[in-house]
Amino acid sequence: MYNPQSLRAEEFIDHDEIMSTLEFADKHCGDAAFIDGILDKARLRKGLDHREAATLLSCTLPEKTAALYALAEQIKKDFYGNRIVLFAPLYLSNYCVNSCLYCPYHRQNRHMPRKKLSQEDIVAEVTALQDMGHKRLAIEAGEDPAMNPLEYILESIATIYSVRHRNGSIRRVNVNIAATTVEDYRKLKEAQIGTYILFQETYHKESYARLHPAGPKHDYAWHTEAMDRAMQGGIDDVGLGVLFGLESWRYEFTALLMHAEHLEAVHGVGPHTISVPRVKKADGIDPGSFDNGLDDDIFARICACIRLAVPYTGMIISTRESQAVREKVIRLGVSQISGASRTSVGGYADPTPEDEDSAQFDVSDRRSLDEVVAWLMGMDFIPSFCTACYRQGRTGDRFMSLCKSGQILNCCHPNALMTLKEYLEDYASPDTRALGEALIARELEKVPSAHVREIARRNIAAIAQGKRDFRF
Ligand code: SAM
């Protein structure tokens, strides 16, 4: 029985509720008046439930699609302005005891060179990332209790935070590691992680079992209930995601929103972020073999519908996607992107090109961070290296209330500009720097409070004089 408040995976991600939602969507998706009603509700900026969102996603009436995209763009602007937060993944270890059919880390892959970073290696990686200008990382590791125990992850986080290279520092470490216990989540919280990210891969229980034939990840309930344990362990910023392409995208989309509704119902706070990875070619992995691929148009629709359904939830897109796709979905709702990513263990300190044997998946966007920053500014976006919220204790519902209070332009906007200024001073090429200085001058004027604007202006001048790390 469907019950969003239940702590049992099969009840809050109820298969029958998903199937009946898809029937409901089929019945109403061609009804222009019904779709208008959903769009009107979305205009209130309080979100949509999974039935409404699934119906909107299924609607192919051209004029409604245009309205959907226009509204997604508007909501994106209202909640996130023109800021795009930048981050990089850091792969710690590709040892893994699981057998995920879509991932080259699976344990049967005997020719993939296995590697785990030592603490010295991590210093080298973080130094290279700081030299690019990164301030926010997402650490990634395979699941291997013997090779990558939690103690290793905790030690690595401490090392990452300790590296101070020139003016660099990593100020937020998000963590993408396998589902674990409440006790372990408590330790991750104590290690001052930002968001705990775990992709569901697929919400379809039978497909999940087939795609994860062995290893601890085989357990659907353990994996699906992980975010509840994370929240019980005190982590209130959690990041959901589906690996699109494994199962039917309408099924996954509906279940993803049911998961968000469940977190809100039980913990009073929805997901901090939603990631939208698509399965990519990798060593021994052919995305075509999963038979559920989605084209770029459907992908863009999914992003737009997520934006309307959960306006307060950040949306993340990685370098799995090409520049062209990223350009499209950034406008429709994506708020965070990775830049200059390497998906092999040790890939930042080692400048040789990544080979297919060691990368986790093929990266489509291979530009440098400087190129990504210049590209964003060329489209009038503000590349932001801000990490202020969680360092100021604005996590979980406190972050949500900042969004809801309408104070973002007095807080996130100047923070983005100050961190961009640091980037320009320390890492940018001359052309990027010129673009950035002009953008900062323009965007400062948009800070509504004269008082905050003045402080931001003063701080930006101090950054030019060598001071660092201001935040509201
Ligand atoms: N081991 C952790 C776990 O089990 O959740 C997470 C780390 S894994 C390195 C990060 C994510 O990469 C996975 O959750 C999966 O969604 C994604 N991934 C794996 N293979 C992929 C592929 N071929 N293409 C795109 N993404 C992939």
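Preceding this section is the structure that the text describes.
Presented here is a report on the structure given in the accompanying data block. (Residues numbered from 1 in each chain as written. Predicted model: local features only at pLDDT ≥ 70, side-chain atom pairs only at ≥ 80, totals over all residues.)

**Topic: the site of the ligand**
Quick reminder of the rule: Only the C-beta atom matters for nearness: placed from the backbone, it must lie within 6 Å of the molecule or strand for the residue to count as near. Here the nonpolar group is Ala, Val, Leu, Ile, Met, Phe, Trp, Tyr, Cys and Pro; Asp, Glu, Lys and Arg are the charged ones; every other residue, Gly included, is treated as polar.
Neighbouring the ligand are 21 residues; Cys103, Phe199, Leu243, Lys280 and Phe361 lie closest to it. Its residues assigned to classes, the shell around the ligand shows twelve nonpolar, three polar and six charged.

**Some points on unusual backbone geometry**
Using the following cut-off: Where helices and strands are cited, they refer to DSSP runs of H or I of at least four residues and of E of at least two residues respectively, numbered from the N terminus. Think of it as a crowd count around each C-beta: if 20 or more other C-beta atoms lie within 10 Å the residue is buried, if 12 or fewer it is exposed, and in between it is partly exposed, with C-beta placed from the backbone throughout.
For Asp291, which is not glycine, the phi dihedral falls at a positive 65 degrees. Mapped onto the fold, Asp291 is located in the loop between β6 (273–275) and α13 (296–309). You can call Asp291 exposed: it has 10 C-beta atoms within 10 Å. With a phi close to 55 degrees, Ala340 is a non-glycine residue in the positive phi region. Within the element layout of this structure, Ala340 appears in the loop between β8 (336–338) and α15 (369–378). According to the C-beta neighbour criterion, Ala340 is buried, with 22 such atoms within 10 Å.

**Here we look at the nonpolar core**
Note the cut-off: Note on definitions: a nonpolar core is a set of buried residues drawn from Ala, Val, Leu, Ile, Met, Phe, Trp, Tyr and Cys, linked by C-beta atoms within 7 Å. As annotated, the domain borders come from an automatic or database domain assignment.
Counting 138 residues, the largest nonpolar core has Leu137, Tyr196, Cys303, Cys305 and Leu308 as its most contacted members. Two domains each provide a minimum of three residues to this core, namely domain 1 (77–366) and domain 2 (388–464).

**A word on the packing of helix α5 (residues 62–80) against α13**
To keep it simple, the criterion reads: Axis geometry follows a simple rule: fit a line to the C-alpha atoms, using only the stretch in contact for helices, then measure angles between N-to-C directions, giving values from 0 to 180 degrees. Small angles under 35 degrees read as roughly parallel and large ones over 145 as roughly antiparallel, with 65 to 115 read as roughly perpendicular and the rest as oblique. In this scheme the handedness of a crossing depends on how the near helix is turned from the far one: anticlockwise by less than a right angle means left-handed, clockwise means right-handed. Note on contacts: residues are paired as contacts if their backbone-placed C-beta atoms lie within 7 Å.
Axis separation between α5 and α13 bottoms out at 9 Å; the angle between their running directions is 55 degrees. The angle between α5 and α13 falls in the class oblique. Crossing angle aside, the handedness with which α5 passes α13 is left-handed. Contact residues: α5 offers Leu68, Tyr69, Leu71, Ala72, Ile75 and Lys76, while α13 offers Ala304, Arg307 and Leu308. Grouping the constituent residues of the contact of α5 with α13 by class yields seven nonpolar, no polar and two charged.

**Considerations on the packing of helix α3 (residues 32–43) against helix α4 (residues 50–58)**
The contact between α3 and α4 brings their axes to 10 Å, and the two run at 120 degrees. Considering the angle they form, α3 stands oblique to α4. The handedness of the crossing between α3 and α4 comes out as left-handed. Contact residues: Ile35, Ile38 and Lys41 in α3; Glu52, Thr55 and Leu56 in α4. Among the residues making up the contact of α3 with α4, the classes are represented as three nonpolar, one polar and two charged.

**So, the pairing of strand β1 (residues 83–93)**
Quick reminder of the rule: Two strands pair if DSSP finds at least two bridges between them. A clockwise path from the first strand over the helix to the second, with the strands pointing away from the viewer, defines a right-handed crossover.
In terms of residue burial, β1 counts as a mostly covered element, since eleven of its eleven residues are buried. As defined by bridge partners, β1 adjoins strand β9 (residues 382–384) across three bridges and the pair is classed as parallel. Bridging across to β9, Arg83 finds its partner in Ile382. The pairing of β1 with β8 spans three bridges and is parallel. Looking across to β8, one finds that Phe87 is bridged to Ser338. Judged from the five bridges that link them, β1 and strand β2 (residues 136–141) form a sheet pairing that is parallel. Looking at the pairing, Ala88 lines up with Leu137 of β2. After leaving β1, the chain enters helix α6 (residues 119–132) and then returns to the sheet as β2, a path that is right-handed.

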